[in-house]
Amino acid sequence: MKVEQKGHTTTIRNTQGNTAEFYQKLNHEYASFKSQNLIIDLSHDKVMKMDDIKLFNDLINTHTEGKKSIVFVTNSVNFNKVPKNIILVPTILEAHDIIEMEEIERDLGF
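Reading the values: the criteria
- Residues numbered from 1 in each chain as written.
- Predicted model: local features only at pLDDT ≥ 70, side-chain atom pairs only at ≥ 80, totals over all residues.
- Heavy atoms only, no water.
- Helix = DSSP H or I, 4+ residues; strand = E, 2+ residues; numbered from the N terminus.
- pLDDT = per-residue confidence, 0-100.
- Core = buried A, V, L, I, M, F, W, Y, C linked by side-chain atoms within 4.5 Å.
- Buried < 20%, exposed > 50% of the residue type's maximum accessible area, 1.4 Å probe, protein only.
- Contact = heavy atoms within 4.5 Å.

To continue, consider unusual backbone geometry. Despite not being glycine, Lys 67 shows a phi value in the positive range, around 60°. Assignment of secondary structure puts Lys 67 in the loop between α3 (57-65) and β4 (70-73).

So, in structure tokens, the structure goes:
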């Protein structure tokens, strides 16, 4: 797991490849990230399945209740099958753009 902080956003990369183990580690260390917008980079795992993404549902709900954004980055999942509560994009740049848009929406009270 590699962590990079830039402004109000923390990017966490899965360098292990095993999404379930990465989720456990991230969940265990979540307290140190809960006040930041999160980009979860899963692009290292080239055989990602939708079930792997759905592991993060509880974390997504907790993080969004705290008025923070959480965006996942991978390009190995069918984007048409992604549930509405999960924000999934193919690149880090798009993840930053989504977070910036959500920050503006929160500032405007949407």
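Confidence in the prediction for the chain averages 91 pLDDT; 100% of positions are at 70 or higher. Averaged pLDDT values over the elements of the chain bottom out at 88 in helix α2 (residues 50-54) and peak at 97 in strand β3 (residues 37-41).

Once that is clear, we can look at the nonpolar core. Judged by nonpolar contacts, the single largest core of 21 residues is most densely connected at Leu 26, Ile 40, Leu 42, Ile 53, Phe 56 and Phe 72. When contributions to this core are tallied by element, the ones reaching two or more residues are α1 (19-28), β3, α2, α3 and β4. Of all the elements, α1 adds the most residues to this core, at three residues. Core analysis: the next-biggest nonpolar cluster, separate from the first, contains six residues, Val 71, Val 73, Val 89 and Ile 99 among them.

Within the secondary structure, Ile 53 is located in helix α2. Overall, the relative accessible area of 0% leaves Ile 53 in the buried class. Beyond its immediate sequence surroundings of up to four residues, Ile 53 is in contact with Leu 42, Met 48, Thr 74, Val 77, Ile 86 and Leu 88.

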